Structure formats: C-alpha cells, structure tokens
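The primary structure of each chain is shown beneath.
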Amino acid sequence: AAAGLGPARPFLARRPGALRALLGLARGLAAGPQTHFGFQNVSEEERREKIYQVFENVAEKYDVMNDSMTLGIHRVWKDILVHKMNPSPGTLLVDVAGGTGDIAFRFINYVRSVRERQLQQKLKRHQNLSWQEISKSYEEERVKPLGDSQVVVCDINKEMLKVGKQRAQHLGYSEGLSWVLGNAEELPFDDDKFDVYTIAFGIRNVTRIDLALQEAYRVLKPGGRFLCLEFSHVSNPLLSRLYDLYSFQVIPVLGEIIAGDWKSYQYLVESIRRFPPQEELKEMIEDAGFFKVDYQNLSSGIVAIHSGFKL
C-alpha cells in the first residue's frame with residue numbers, strides 16, 4: 001500500500017497548484033458545510049463568526065445607519081409590523097435578533113395604548129362610578145400599564161444587546177421588558193412559551209434559516225403567531241434597477257462616512273440579494289410546520305412581512 005502512494009509525491013511536487021487545491025479542499029471539508037457571506041462562499045462556522053463581527057462593528061451606529069439607509073422609512077415598516085401583530089394586554093412576545101429594542105419598544109407603546117383605551121371605555125360604560133372608584137381604576141393602570149404583557153428581546157450579539165439596554169434606560173422602558181443572549185438557531189426557551197415570535201431584519205443573517213424557523217415553531221404556544229419583517233425582492237424592473245444602484249453605490253459609502261465601516265454595509269447589501277424571494281421564504285415557513293402562511297409586500301417588495309400560525 002505504501003508503494004502505491006509513492007508516485008503521487010513527485011507529481012504533487014511538480015504541481016504546487018494542485019497541492020494547494022487539495023489542501024484547500026481538505027480545509028473546506030474540515031470546516032463543515034459551505035454557505036455564503038454576501039457574495040463570498042464560506043463555511044457555516046466562518047459565516048457565523050463574520051456576521052457576529054459585522055454587528056459588533058455596527059452596533060453603536062446601527063439605528064443612525066438604518067435611518068440614513070432607508071431615509072427613515074424603516075420606522076414605518078416596523079410600525080406596520082406591530083399593528084399587524086395587534087397585541088392585546090397579556091401578550092407574551094419574543095423578539096429575536098432585536099438587540100436594539102426597536103420592536104420591543106413599539107410593542108410596549110402599543111399595549112399601553114390598548115390598555116388606556118380599554119380603561120376609558122370601561123369608565124364610559126359605568127357613568128355612575130364614584131370618584132374613588134375612578135381613581136382606583138387609574139391607580140391600577142399606573143401600577144400595571146402593560147397588564148401581564150411581557151417582551152423578551154433575544155439576540156446573539158452582546159454589543160447589540162448592550163445598545164438596546166442603554167436605549168431602554170434612556171427612554172424609560174423597564175416594565176415588562178427583559179434581555180436574553182441567545183442564538184436564533186437554538187433558542188434558550190422552553191417549548192410552547194410565547195404568544196408571538198417576531199424577527200425584524202434578522203433572519204437573513206441567520207446561517208441556518210430552517211433551524212431558526214423550527215425554533216420559532218417550537219417556542220410558540222399552539223395558536224401562536226410568527227411574524228418576520230425582512231428585506232425582500234422588488235417586482236418592478238425599473239424600481240429594482242434604481243434600488244440596486246442605490247444599494248451598491250450609496251449604502252456602503254454611507255457606512256464608511258457614518259460608521260467608518262464600508263465592508264459591513266457592503267455585506268448587508270449583498271446579503272439582501274442572496275436572501276430567498278417571498279414565495280420561497282413562504283414555502284420554508286410552511287415546511288417548518290406553520291399554517292395560514294402569507295406575506296405582505298411593503299414599498300413594492302423592498303421589504304415584506306411574512307406571517308404564519310402554529311396550530
């Protein structure tokens with residue numbers, strides 16, 4: 001057997017390129033399954049490390065960059081997501097990849113407003129209430145403005161969570177809000193725990209989307225709802241060309257000017273182009289077990305909201 005290997009050595013010695021290719025192949029096999037990081041082909045583990053580094057780099061300027069890149073429209077998209085959710089007091093929400101708190105804060109505001117409307121309606125229906133009874137109702141509202149609602153923000157990146165906690169403290173959010181370090185592909189929660197699962201502009205940064213969807217299904221209660229807001233595929237050809245021009249020529253430049261980081265924003269642009277289109281993502285959500293799956297295009301498909309239910 002040893003003699004049979006002999007001729008290969010001088011062959012490889014004469015062809016160093018072949019040797020490098022074989023070594024590269026061996027390293028690739030050792031690193032595990034291949035995937036993509038933007039337009040690069042990388043191993044799954046390498047992709048996870050690179051994406052973690054991207055969001056560690058951009059965490060401090062993440063919200064400023066979102067405003068700059070979308071001209072502030074991302075705020076409207078997130079408002080639409082929460083209105084589509086239509087949470088009621090008592091809703092238990094997990095917001096995955098939501099480190100800076102944008103969805104969590106909107107959820108809290110929405111539930112507070114619903115509670116306030118419910119109180120007003122209750123008092124209008126009971127015109128004969130005494131001043132003491134009215135005062136007691138308002139006192140209860142002040143003590144528990146969210147009822148029993150809770151939002152858990154789960155993010156894999158410590159820096160993003162740090163920024164979110166700082167924003168929450170600055171804006172005065174504390175009631176009904178908690179922060180958990182966790183991976184979307186392996187959530188640190190029990191089965192059948194949450195009423196709603198949201199992920200906004202995060203699922204395209206998950207290496208194994210199928211695993212993240214399975215985890216979303218697992219942690220939702222029967223009857224629970226999955227909602228995903230993500231950049232998607234533009235249907236209008238003219239708008240698509242303009243969008244590509246803006247994405248590749250302007251966004252990385254903004255990233256360099258505002259965040260001092262061209263490469264991270266170049267990746268974010270490329271990652272949108274590699275993300276599954278609306279119908280394909282719909283099928284993936286159905287494959288994870290969800291029912292009544294549909295999607296709503298916003299801004300001509302620049303983003304889409306996918307919805308599904310665990311029955």
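A brief look at the structure comes next. Everything quoted here is computed from the prediction, not taken from an experiment.

Here we take up the pairing of strand β7 (residues 220–231). Each regular strand displays side chains that alternate between the two surfaces of the sheet. Of all 12 residues in β7, 9 are buried, a share of seventy percent or more. In this view, the connection linking strand β6 (residues 194–200) to its parallel neighbour β7 by way of helix α10 (residues 209–219) has right-handed handedness. Judged from the 7 bridges that link them, β7 and strand β9 (residues 303–309) form a sheet pairing that is antiparallel. Bridge pairing in β9 links Glu 230 to Ala 304.

Before going further, it helps to spend a moment on the pairing of strand β3 (residues 92–96). Of all 5 residues in β3, 5 are buried, a share of seventy percent or more. Side chains of β3 alternate between two faces, with Leu 92, Val 94 and Val 96 and Leu 93 and Asp 95 buried alike. Here β3 pairs with strand β4 (residues 150–155) via 5 bridges, running parallel. Residue pairing across strands places Asp 95 opposite Val 153, the latter belonging to β4. Bridge analysis of β3 against β6 gives 4 bridges, and the strand direction is parallel. In the sheet register, Val 94 faces β6, and the bridge partner there is Tyr 197.

Before going further, it helps to examine the environment of Asp 294. Within the secondary structure layout, Asp 294 lies in strand β8 (residues 291–298). Using a relative accessible area of 39% as the deciding quantity, one classes Asp 294 as partly exposed. The sequence separation of Asp 294 and Gly 308 amounts to 14 residues, and the corresponding C-alpha distance is 6.7 Å. Residue contacts for Asp 294: discarding those within four places in its chain leaves Lys 282, Ile 305, His 306 and Ser 307.

If you check helix α13 (residues 262–274), its first and last C-alpha atoms are 19 Å apart, about what 13 residues at 1.5 Å a residue would give, namely 18 Å. For α13, every residue scored as buried is listed here: Ser 264, Tyr 265, Gln 266, Tyr 267, Leu 268, Val 269, Glu 270, Ser 271 and Ile 272.

Right, let's talk about the nonpolar core for a bit. Of all hydrophobic cores here, the largest spans 36 residues; its most connected members are Trp 77, Leu 177, Phe 201, Leu 229, Phe 231 and Val 303. Elements represented by at least two residues in this core include exactly α6 (73–85), α7 (102–125), β4, α9 (158–171), β5 (177–181), β6, β7 and β9. Considering each element in turn, this core owes the most residues, 8 residues, to α7. When sequence neighbours within four positions are dropped, the list of residues in contact with Val 303 reads Trp 77, Phe 201, Leu 229, Glu 230, Phe 231, Ser 232, Gln 296, Asn 297 and Leu 298. Judged by nonpolar contacts, the second largest core, of 27 residues, contains Leu 92, Tyr 197, Ala 212 and Cys 228.

Now for the packing of aromatic side chains. For the coordinates displayed, the defined rule picks out 8 aromatic pairs. Ring plane angle 5° and centroid distance 4.5 Å describe the contact between Phe 105 and Tyr 173, whose orientation is recorded as stacked. Linking Phe 105 in helix α7 with Tyr 173 in the loop between α9 and β5, this pair joins segments that are 68 residues apart in sequence. Taken individually, Phe 105 and Tyr 173 each receive the classification buried, so the pair is uniform in this respect.

What follows concerns a negative patch on the surface. On the surface, Glu 279, Glu 280, Glu 283 and Asp 287 cluster together into a negatively charged patch. With respect to the element layout, Asp 287 can be found in helix α14 (residues 278–287). Asp 287 sits in the exposed class, given a relative accessible area of 69%.

According to the stated counting rule, one finds 12 salt bridges in the structure shown. The salt bridge partner of Arg 167 is Asp 102, with a shortest N-O separation of 2.8 Å. Of this pair, Arg 167 sits in helix α9 while Asp 102 sits in helix α7, and the two are 65 residues apart along the sequence. On the accessibility criterion, Asp 102 (8% relative accessible area) is buried. The salt bridge partner of Lys 282 is Glu 286, with a shortest N-O separation of 3.1 Å. With a gap of 4 residues between them, Lys 282 and Glu 286 both fall in helix α14, about one helical turn apart. Within the structure, one salt-bridge network assembled from shared partners comprises Lys 78, Asp 102 and Arg 167.

What counts, and where the lines are drawn
- Residues numbered from 1 in each chain as written.
- Predicted model: local features only at pLDDT ≥ 70, side-chain atom pairs only at ≥ 80, totals over all residues.
- Heavy atoms only, no water.
- Buried < 20%, exposed > 50% of the residue type's maximum accessible area, 1.4 Å probe, protein only.
- Helix = DSSP H or I, 4+ residues; strand = E, 2+ residues; numbered from the N terminus.
- Right-handed = clockwise from strand over helix to strand, strands pointing away.
- Pairing = 2+ DSSP bridges.
- Contact = heavy atoms within 4.5 Å.
- Expected span 1.5 Å × (residues − 1).
- Core = buried A, V, L, I, M, F, W, Y, C linked by side-chain atoms within 4.5 Å.
- Phe/Tyr/Trp six-rings, centres within 6.5 Å; stacked < 30°, edge-to-face > 60°.
- Patch = residues over 30% accessible without salt bridge, like charges linked within 9 Å, V, L, I, M, F, W, Y side chains within 5 Å.
- Areas by Shrake-Rupley, 256 points an atom, 1.4 Å probe, with all protein chains shown as cover.
- Salt bridge = Lys/Arg side-chain N within 4 Å of Asp/Glu carboxyl O.
- Lys, Arg positive; Asp, Glu negative; His and termini not counted.
- Charge placed at Lys NZ, Arg CZ, Asp CG, Glu CD.

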